[in-house]
Amino acid sequence: MTRPLVTYRDRLSSHIDSYLDAVLQAPGVRWAEFARLHEFARLDEPRRLLEVPAEGDMLERLYPGARIWRADFLKTGVAGYSDALTVTDWSLANLPQAFFDGVLAVVPFHHAAPTEKRTFLQDVWRTLKPNEILCLNEIETGSRVHRFLDGFVDAHTSTGHVGDYPDAGFAAELDASGFIGVATATLECPWVFDSPPEMVAYVRRLFALDDISDTELLDALQEALGWRAVDGRWELAWSLRYFRGVRPAANAPDARG
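Structure report, in brief.

1. Describing helix α9 (residues 214-224)
An α-helix turns once per 3.6 residues; consequently, residues spaced three or four apart project the same way.
So, point 1. Residues Leu217, Leu218, Ala220 and Leu221 constitute the buried set of α9. Down the axis of α9, the smallest arc covering the buried residues is 160°, so these residues share one side. Exposed side chains of α9 directed beyond 90 degrees from the buried face belong to Thr215 and Glu223.
So, point 2. Packing partners of the buried residues in α9 comprise α6 (144-156), α8 (196-207), β8 (227-230) and β9 (233-236).
So, point 3. The positive-phi residue at the C-terminal boundary of α9 is Gly226, with phi of around 95°.

Here you go:
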């Protein structure tokens, strides 16, 4: 990483409401990201789940029997969503200890410094009940998505976009934070749209891309990521690196106090 990291606050504080509203209004676009998370987590009928940061209402659809707690690092004003959101920091200091059956996180920390990532993992461990699961996904360093975000998006959004992305070796950070049975994999999770104009409008809004025409943006998406028509819909290529770990039982040899 040769340029300064764009922090979570710097990146999202000016458009978090627009970001969340876009996700809530079109839940099917990123369905595959959450479906792969559900599959990779292998959670057995959880009753209490924590999602941090907040990414819409997908988990209710995947875990209809669970109560979902949501936390984020910024306050949002999205109607019907913000009142149930806990504003926290990387230490998750205001969330309960040994309370959740699972913590699920979609692209939670590429705008976090390495020390903040470690703090986040350690405190996710603290919030989980023994024998329960953390599962997260992130943009993988060197991937097409990484290059798109820190290249094209960085050049066309007012806040800039420079992240700190993991690779498979990040599994060692989960080990160091006390998780056991750590697993990782890169999974394809394309974004799906009804039409190219919908694709352009969604990506523009999600990433706050205001200084480029629709045609230029559509061409850039094809060049950077690739999109194609599949059964009357349009798929934008997207992939993420998934991680899973288990907080061990309290009496396990490597369990932490």
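So, next bit.
2. Describing the sheet that holds strand β7 (residues 191-193)
So, point 1. Across the sheet, which stays open at both edges, the 3 strands sit in the order β7-β9-β8 with antiparallel pairing between neighbours. Single-partner strands in this sheet number two, and they are β7 and β8. In this sheet, neighbouring strand axes are inclined to one another by 30° on average, regardless of whether the strands run parallel or antiparallel.
So, point 2. Two strands pair when backbone bridges link them, and β7 and β9 are joined in this way by 3 bridges, in the antiparallel orientation. For Phe193, the partnering residue across the bridge sits in β9 and is Trp234.

3. Considering the pattern of salt bridges
So, point 1. The tally for this structure, following the rule as stated, stands at 17 salt bridges.
So, point 2. With its nearest N and O atoms 2.8 Å apart, the salt bridge here joins Glu60 to Arg70. Placement of the pair is Glu60 in helix α4 (residues 58-62) and Arg70 in strand β2 (residues 67-72), with a sequence separation of 10 residues.
So, point 3. Taking the relative accessible area as the measure of exposure, Glu60 reaches 35% and is therefore partly exposed.

What counts, and at which threshold
Residues numbered from 1 in each chain as written. Predicted model: local features only at pLDDT ≥ 70, side-chain atom pairs only at ≥ 80, totals over all residues. Heavy atoms only, no water. Buried < 20%, exposed > 50% of the residue type's maximum accessible area, 1.4 Å probe, protein only. Helix = DSSP H or I, 4+ residues; strand = E, 2+ residues; numbered from the N terminus. Arc of directions from axis to C-beta. Contact = heavy atoms within 4.5 Å. Pairing = 2+ DSSP bridges. Axes fitted to C-alpha atoms, helices over the stretch in contact; angles between N-to-C directions. Salt bridge = Lys/Arg side-chain N within 4 Å of Asp/Glu carboxyl O.

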